[in-house]
Amino acid sequence: MAQMARRVEPSRKSPAERLEDLLAGYRDAPFPLTAAKYLERAIGSSDSMPNAVKFFAWALLVPAAAGLATPEGEDRALEALVEAERYLPAAQEELGALLARERDELKWLEVGVSLQSERAAFDEALRLCDLALTLGYGRAFEAKKNSLLRMI
C-alpha cells in the first residue's frame, strides 16, 4: 500500500518570534549599509509581517539609513521615520512589553530629531521630542526640546 505524503504546514511564528528574528538579523549586520539592506529586504517582503514588527523594521531603518551619511540615506531615514510612527500603535498594542524592553536600543526618534533640526524643521523636531517623552524616553529628550526651544 502506497503511503501518502504528509503536507508540511508552514511555520506560524508569533509576532514576538518574528520580531526576535528581525532583531537578530539586524544585529548581525556589521555596518549601516548591510543593516539598511537587510531592513529594506525585510520591509520589501513584509506582506506577511505583522504590523507591530513592521514598526520595528522601520524604526531600525531610521538610524541605519541615516548612518549611510548621504542625502539619499537621510531622505530614506525621514521616510522610515514616518512609517515607524504609522505602525507605532500596533507595536504598542501587540508587543508593548518588547517595545518597552527595546526602547533604549531604538534610536529612531533621536535620529529623527537630529535630522529635522539639521533641516531647520524645528516644529517637527519638537513634535518628535514630545512623542519621545510620551513614550518614556526621558531626560535626554527634555534637554533636546529645551535646546530647540531656545533656537526658535
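## Considerations on the overall build of the protein chain
Assigned secondary structure in the protein chain consists of 8 helices and 0 strands. Of the regular secondary structure in the protein chain, the N- to C-terminal order runs α-α-α-α-α-α-α-α. Each of the three principal axes of the protein chain carries a C-alpha extent, and together these read 85 × 30 × 20 Å. Out of the 152 residues belonging to the protein chain, those deemed buried represent 39%. Put simply, of all contacts in the protein chain between residues at least 6 apart along the chain, 64% involve residues at least 24 apart. In the structure as shown, the protein chain presents an accessible area of about 9000 Å², 53% of it carried by carbon and sulfur atoms. Averaging the coordinates of the 20 positive side-chain charges in the protein chain and doing the same for the 24 negative ones gives two points 4 Å apart.

## With respect to the pattern of salt bridges
In the structure shown here, the tally under the stated rule is 13 salt bridges. Salt-bridge contacts for R119 lead to D75; the nearest nitrogen and oxygen are separated by 2.9 Å. Placement of R119 in the loop between α6 (108–118) and α7 (122–134) and of D75 in helix α4 (residues 71–94) is noted, with a sequence separation of 44 residues between them. R119 sits in the partly exposed class, given a relative accessible area of 40%. Three or more residues joined by partner-sharing salt bridges are found here, namely E20, R27, R101 and E102.

## Considerations on the packing of helix α1 (residues 15–28) against helix α2 (residues 32–44)
One way to put it is that α1 packs onto α2 with a least axis distance of 9 Å and a crossing angle of 155°. On the basis of the axis angle, α1 is roughly antiparallel to α2. Facing D21, L22, G25 and Y26 of α1, the residues of α2 in contact are A35, Y38, L39 and A42. Residue classes in the contact of α1 with α2 are distributed as 6 nonpolar, 1 polar and 1 charged.

## Some points on the nonpolar core
In terms of nonpolar packing, the biggest core is built from 51 residues, with L22, F55, F56, L106, W108 and L109 touching the most fellow members. Elements with a minimum of two residues in this core: α1, α2, α3 (51–66), α4, α5 (96–102), α6, α7 and α8 (139–151). With 13 residues, α3 is the largest single contributor of residues to this core. If sequence neighbours within four positions are ignored, L22 has contacts with Y38, L39, A42, V53, F56, A57 and L60.

Calculation criteria
- Residues numbered from 1 in each chain as written.
- Predicted model: local features only at pLDDT ≥ 70, side-chain atom pairs only at ≥ 80, totals over all residues.
- Heavy atoms only, no water.
- Helix = DSSP H or I, 4+ residues; strand = E, 2+ residues; numbered from the N terminus.
- Buried < 20%, exposed > 50% of the residue type's maximum accessible area, 1.4 Å probe, protein only.
- Contact = heavy atoms within 4.5 Å.
- Areas by Shrake-Rupley, 256 points an atom, 1.4 Å probe, with all protein chains shown as cover.
- Lys, Arg positive; Asp, Glu negative; His and termini not counted.
- Charge placed at Lys NZ, Arg CZ, Asp CG, Glu CD.
- Salt bridge = Lys/Arg side-chain N within 4 Å of Asp/Glu carboxyl O.
- Axes fitted to C-alpha atoms, helices over the stretch in contact; angles between N-to-C directions.
- Parallel < 35°, antiparallel > 145°, perpendicular 65-115°, else oblique.
- Nonpolar A, V, L, I, M, F, W, Y, C, P; charged D, E, K, R; others polar.
- Core = buried A, V, L, I, M, F, W, Y, C linked by side-chain atoms within 4.5 Å.

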